[in-house]
Amino acid sequence: QLPAQLGRVSLWGEAVSAAERGASSEVSEVVRHLADTERQAGPERVQSLAQFMQAVTLHREKLPSWFQTSVAGKIPALVASMEAMLDAGDNPVILSKILPPFYEAVGLPDAAQRGQRLRQRAISLLLQQKRHKDALEVMQLSGVRDAGLEAECLEAGEPADDYRRA
């Protein structure tokens, strides 16, 4: 918000309006999700942040360089806040799908390694929680086969069709 003497203009609202007037629908979608992320708190912020990351990943080829430059400073904090939520609820599976492609989309220098570490951590958490089916799903996302971990998941009583998929 601007100071009261300048009016009660929402800078994020203005940014979204400007993007909708002058940019592609893809850019305005990404700006809208970023604005929501900045304006919200709690679970709503987490949802907006996930939507922002998915939109950036989906539309990365259409995002202008000025946008990437303007949000570059925010990326480390946004990534850190999402990574910190890895151990909650269904987040190991969800974040294993969202974060690694986002790392690539924003050009993090260690994107591939960071994505692998995140997925390995997610697999560990899921195994500790005895969520073997979800751990298999994340293993498939990672593209790295670990026969020992797959066997552990399958021996835990997963259905036979999961065995064929692994």
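These numbers come from a predicted model, not from an experiment.

**Let's talk about the side chain of asparagine 91**
By the secondary structure assignment, asparagine 91 is in helix α6 (residues 91-105). One polar contact links the side chain of asparagine 91 to the main-chain carbonyl oxygen of methionine 85, over a distance of 2.7 Å.

**What to know about the packing of aromatic side chains**
Per the stated rule, a full pass over the model turns up one aromatic pair. Between the NZ or CZ atom of arginine 114 and the centre of the ring of tyrosine 103, over which it lies, the distance is 5.4 Å.

**Notes on helix α2 (residues 25-39)**
Its 15 residues place the ends of α2 21 Å apart at the C-alpha level, agreeing with the 21 Å of an ideal helix rising 1.5 Å per residue. Every buried residue of α2 is listed here: Glu26, Val27, Ser28, Val30, Val31, His33, Leu34, Ala35, Asp36 and Thr37.

**Overview of the environment of leucine 108**
Looking at the secondary structure, you find leucine 108 in the loop between α6 and α7 (111-128). In this structure, the C-alpha to C-alpha distance between leucine 108 and alanine 72, residues 36 residues apart in sequence, is 9.9 Å. Discounting residues that sit within four places of it in the chain, leucine 108 has contacts with Ile75, Tyr103 and Arg114.

**Looking at the nonpolar core**
Counting residues in hydrophobic clusters, the biggest one holds 40 residues, and the most contacted among them are Phe52 and Met53. Apart from the residues within four sequence positions on either side, phenylalanine 52 is in contact with Val30, His33, Leu34, Thr37, Phe67, Leu78 and Phe102.

**A word on α7**
In an α-helix, one full turn covers 3.6 residues, which means residues spaced three or four apart are oriented alike. The terminal C-alpha atoms of α7, which comprises 18 residues, lie 26 Å apart, in line with the 26 Å expected from a rise of 1.5 Å per residue. Turning to α7, its buried residues number three or more, namely Ala111, Gly115, Leu118, Arg119, Ala122, Ile123, Leu125, Leu126 and Leu127. For α7, the elements touching its buried residues are α5 (75-83), α6, α8 (132-142) and α9 (147-155). Two residues or fewer past α7, lysine 130 is found with a positive phi of approximately 60 degrees.

**Re the pattern of salt bridges**
Going through the model one piece at a time under the given rule, you end up with seven salt bridges. With its nearest N and O atoms 3.0 Å apart, the salt bridge here joins arginine 114 to glutamate 83. Here arginine 114, found in helix α7, pairs with glutamate 83, found in helix α5; they are 31 residues apart in sequence, far enough to count as distant. Measuring nitrogen to oxygen at the nearest pair gives 3.0 Å for the salt bridge that ties aspartate 90 to arginine 131. Here the residue aspartate 90 occupies a position in the loop between α5 and α6, and arginine 131 occupies one in the loop between α7 and α8, the gap between them amounting to 41 residues. Residue arginine 131 is classed as buried on the basis of its relative accessible area, which comes to 18%. Within this structure, Glu83, Asp110, Arg114 and Arg117 form a network of salt bridges that share partners.

Calculation criteria
- Residues numbered from 1 in each chain as written.
- Predicted model: local features only at pLDDT ≥ 70, side-chain atom pairs only at ≥ 80, totals over all residues.
- Heavy atoms only, no water.
- Helix = DSSP H or I, 4+ residues; strand = E, 2+ residues; numbered from the N terminus.
- Polar contact = N/O pair within 3.5 Å; in protein donor to acceptor, adjacent residues only side chain to side chain.
- Phe/Tyr/Trp six-rings, centres within 6.5 Å; stacked < 30°, edge-to-face > 60°.
- Lys NZ or Arg CZ within 6 Å of the ring centre and 35° of its normal.
- Expected span 1.5 Å × (residues − 1).
- Buried < 20%, exposed > 50% of the residue type's maximum accessible area, 1.4 Å probe, protein only.
- Contact = heavy atoms within 4.5 Å.
- Core = buried A, V, L, I, M, F, W, Y, C linked by side-chain atoms within 4.5 Å.
- Salt bridge = Lys/Arg side-chain N within 4 Å of Asp/Glu carboxyl O.

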